[in-house]
Amino acid sequence: VQLQASGGGLVQAGGSLRLSCAASGDTFSSYIMGWFRQAPGKEREFVASIYRSGEYTHYADSVTGRFTISRDNAKNTVYLQMYSLKPEDTAVYYCAAGIGSGLIVLVTSREYDYWGQGTLVTVSS
């Protein structure tokens, strides 16, 4: 599967942004999807994950209550709605797809099989 992330940009602190990740192919609904981010000089970190049907989600503590992951299997797209953005949310955001046999969500990068190219989110103070 090929993933194309979009929606990044420059936003002021306290603002909101919605990222999208479009997937190619007809097996999108069979993948657990996730979002990760990587800030300059830091390692890539988990942000959110969503089960194949969208029924289950999981978030990093740092974004719980501010970010929402969702998916539209009819459109082969996963979203990350971000509210109350902070300067520390500044990073390149990546979407990823994982087979995750027997699992509901995936929280480590090594569990994902496919990655998008990333989209830059910059939050100004």
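Up top you'll find the structure we're talking about.
These figures come from a predicted structure and were not determined experimentally. (Residues numbered from 1 in each chain as written. Predicted model: local features only at pLDDT ≥ 70, side-chain atom pairs only at ≥ 80, totals over all residues. Heavy atoms only, no water.)

Caption draft 1: Fine view of the nonpolar core. Counting 36 residues, the largest nonpolar core has W35, L80, M82 and Y93 as the members making the most contacts within it. Put simply, the parts of the chain that give this core at least two residues each are β1 (3–6), β3 (17–23), β4 (32–38), β5 (45–50), β7 (67–72), β8 (77–82), β9 (91–98) and β11 (119–124). The element best represented in this core is β9, accounting for five residues. (Core = buried A, V, L, I, M, F, W, Y, C linked by side-chain atoms within 4.5 Å. Buried < 20%, exposed > 50% of the residue type's maximum accessible area, 1.4 Å probe, protein only. Helix = DSSP H or I, 4+ residues; strand = E, 2+ residues; numbered from the N terminus.)

Caption draft 2: Expanded view of the state of the cysteines. What the rule picks out here adds up to one disulfide. Paired through a disulfide, C21 and C95 show a sulfur-sulfur distance of 2.1 Å. Its torsion about the S-S bond being 60°, the disulfide of C21 and C95 is classed as right-handed. Of this pair, C21 sits in strand β3 while C95 sits in strand β9; the two residues are 74 residues apart in sequence, bridging distant segments of the chain. One exposure class covers both C21 and C95, and it is buried. (Disulfide = S-S within 2.5 Å.)

Bear in mind that shape data such as this cannot, by itself, settle questions of function.
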